[in-house]
Amino acid sequence: MTGNLAHLTLAFGLLGNVVSFMVFLAPIPTFYKVYKKKSTEGFQSAPYVVGLFSAMLWIYYALLKTNVLLLITINSVGCFIETLYICFFLFYAPKKARMESLKLIVLLIVVGFGLIVALTQFLASGVTRGVIVGWICLVFSLCVFVAPLGVVRQVIKTKSVEYMPILLSVALTLSAVMWFFYGLLLGDFNIAIPNVLGFIFGVLQMILYYMYKNKKPVADEKITTSEPKNSEMEQKIPEFKDQKIIDVVKLETLMHSDIPKDPSNVPNHTTEVNA
């Protein structure tokens, strides 16, 4: 029984590595666009800096544990890929975006991660250190999984799935499933619990995608509904003009009808004055 459990844990861990690797490769089309245009345009570096910070946190947590080697493998790959993304972004970003990215890197990676390592190394020891870092990883992962709520809100508001790629949502959902069972079989709830939320939000995104994928965005509907109104106004304007012309013609006929055409028929109102 124990052997079967170990095999299952290994299987879910390996599948989690494969799916997570696919998720790490998801931004490649974005950076291909950046390379083609030689500009980062409206793209931001925050997701990649946060991804790097998350991977570093999980590596630190895994090093404090003894049985989570597969966490180290995938997050090491994640650190490498996210670092490449950030360097690529900094190379093509304008000066303002580059400075903002560097500030975020210093704040999150250097100061944030540095403080976590320093404080846990000096103020905690043994199992307590692992528990503290585990809780930090859990809370941070929950925050990362809650982040897509902004996209969900935008989809519901606009009735458009333009900014919610379905393949990425499927990959994130599968990743959450794999890592949930990996954490559950290991008895490590710091790994399992955040992925419950990840699975719920992943399923929610897929449901919304199939609800709104064939619907017109709200902006398009407003444009199409405004077109008939414009045509009605255009029809009313000529009618109004025609009515004014008719009224002018009527007025002219009335005026002319009051003026006698034969001067002989005009009554003579002059009176003869007797000398």
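Not measured: the values here are computed from a predicted model.

Procedures and definitions
- Residues numbered from 1 in each chain as written.
- Predicted model: local features only at pLDDT ≥ 70, side-chain atom pairs only at ≥ 80, totals over all residues.
- Heavy atoms only, no water.
- Helix = DSSP H or I, 4+ residues; strand = E, 2+ residues; numbered from the N terminus.
- Contact = heavy atoms within 4.5 Å.
- Patch = residues over 30% accessible without salt bridge, like charges linked within 9 Å, V, L, I, M, F, W, Y side chains within 5 Å.
- Areas by Shrake-Rupley, 256 points an atom, 1.4 Å probe, with all protein chains shown as cover.
- Salt bridge = Lys/Arg side-chain N within 4 Å of Asp/Glu carboxyl O.
- Buried < 20%, exposed > 50% of the residue type's maximum accessible area, 1.4 Å probe, protein only.
- Axes fitted to C-alpha atoms, helices over the stretch in contact; angles between N-to-C directions.
- Parallel < 35°, antiparallel > 145°, perpendicular 65-115°, else oblique.
- Left-handed = near helix turned anticlockwise from the far one by under 90°.
- Nonpolar A, V, L, I, M, F, W, Y, C, P; charged D, E, K, R; others polar.
- Phe/Tyr/Trp six-rings, centres within 6.5 Å; stacked < 30°, edge-to-face > 60°.
- Lys NZ or Arg CZ within 6 Å of the ring centre and 35° of its normal.
- Core = buried A, V, L, I, M, F, W, Y, C linked by side-chain atoms within 4.5 Å.

1. Digging into the overall build of the chain
Step number 1: Summing up its helical and strand segments, the chain has ten helices and zero strands in all.
Step number 2: For the chain, the N- to C-terminal ordering of α and β elements is α-α-α-α-α-α-α-α-α-α.
Step number 3: In the chain, of all internal contacts separated by at least 6 residues, the share reaching a separation of at least 24 is 77%.

2. Here we look at a nonpolar patch on the surface
Step number 1: Together, Val106, Val110, Val111, Leu115, Leu119, Phe122 and Leu123 give the surface a local cluster of nonpolar side chains, amounting to about 730 Å² of exposed area.
Step number 2: When you line up the elements, valine 106 lands in helix H5 (residues 95-123).

3. Here's the deal with the side chain of asparagine 195
Step number 1: Along the chain, asparagine 195 turns up in helix H9 (residues 189-212).
Step number 2: You can call asparagine 195 buried: its relative accessible area is 9%.
Step number 3: Setting aside chain neighbours within four positions, we find asparagine 195 in contact with Phe145, Ser175, Ala176, Trp179 and Phe180.

4. Some thoughts on the packing of helix H8 (residues 166-186) against H9
Step number 1: Packing of H8 against H9 leaves a shortest axis separation of 7 Å and a crossing angle of 155°. Classified by the interaxial angle, the pair formed by H8 and H9 is roughly antiparallel. The crossing of H8 and H9 is left-handed.
Step number 2: Here the contact of H8 with H9 is composed, by residue class, of 17 nonpolar, eight polar and no charged.

5. A word on the pattern of salt bridges
Step number 1: One pass over the full model with this rule turns up one salt bridge.
Step number 2: Where aspartate 188 meets lysine 65, a salt bridge forms, and the shortest distance between an N and an O atom there is 3.9 Å. Highlighted residues: aspartate 188 in the loop between H8 and H9 and lysine 65 in the loop between helix H3 (46-64) and helix H4 (69-92), separated in sequence by 123 residues.

6. So, unusual backbone geometry
Step number 1: Unlike most non-glycine residues, lysine 38 shows phi in positive territory, near 55°.
Step number 2: Topologically, lysine 38 is positioned in the loop between helix H2 (28-37) and H3.

7. Considerations on the side chain of serine 175
Step number 1: Looking at the element boundaries, serine 175 is found in helix H8.
Step number 2: Each residue touching serine 175, except ones within four places of it in the same chain, is listed here: Val19, Ser20 and Asn195.

8. Notes on the packing of aromatic side chains
Step number 1: Tallied over the full model, the rule gives 13 aromatic pairs.
Step number 2: Three or more aromatic residues link up through ring pairs in this structure, and these residues are Phe31, Tyr48, Tyr85, Phe88, Phe91 and Tyr92.
Step number 3: For lysine 38, the ring lying beneath its charged end belongs to tyrosine 35, and the centroid distance is 3.9 Å.

9. Brief notes about the environment of valine 117
Step number 1: Within the element layout of this structure, valine 117 appears in helix H5.
Step number 2: Spatially, the C-alpha atoms of valine 117 and tyrosine 60 are 8.2 Å apart, while their sequence positions differ by 57 residues.

10. Points about the nonpolar core
Step number 1: Membership of the largest hydrophobic core comes to 38 residues, with the highest contact counts inside it found for Phe53 and Leu71.
Step number 2: In terms of residues, this core owes the most to one element, H3, which gives twelve residues.
Step number 3: Among all residues touching leucine 71, those that are not within four sequence positions of it are Trp58, Tyr61, Ala62, Trp179 and Ile191.
Step number 4: In this structure, Val152, Val155, Val161 and Tyr212 belong to the second largest nonpolar core, which totals eight residues.

11. Digging into the environment of glycine 51
Step number 1: Counting through the fold element by element, glycine 51 comes out in helix H3.
Step number 2: In this structure the C-alpha to C-alpha distance between glycine 51 and cysteine 79, which are 28 residues apart in sequence, comes to 8.0 Å.

12. Here we look at the packing of H3 against H4
In a packed pair of helices, the relevant descriptors are the angle between the two axes and the axis-to-axis distance.
Step number 1: Here H3 crosses H4 at 155°, and the two axes come no closer than 8 Å. The angle between H3 and H4 falls in the class roughly antiparallel. Note that H3 runs across H4; the crossing there is left-handed. Contacts between H3 and H4 involve Tyr48, Val49, Gly51, Leu52, Ala55, Met56, Trp58, Ile59, Tyr61, Ala62 and Leu63 from the first element and Leu71, Ile72, Asn75, Ser76, Gly78, Cys79, Glu82, Thr83, Tyr85 and Ile86 from the second.
Step number 2: Considered class by class, the residues forming the contact of H3 with H4 number 15 nonpolar, five polar and one charged.

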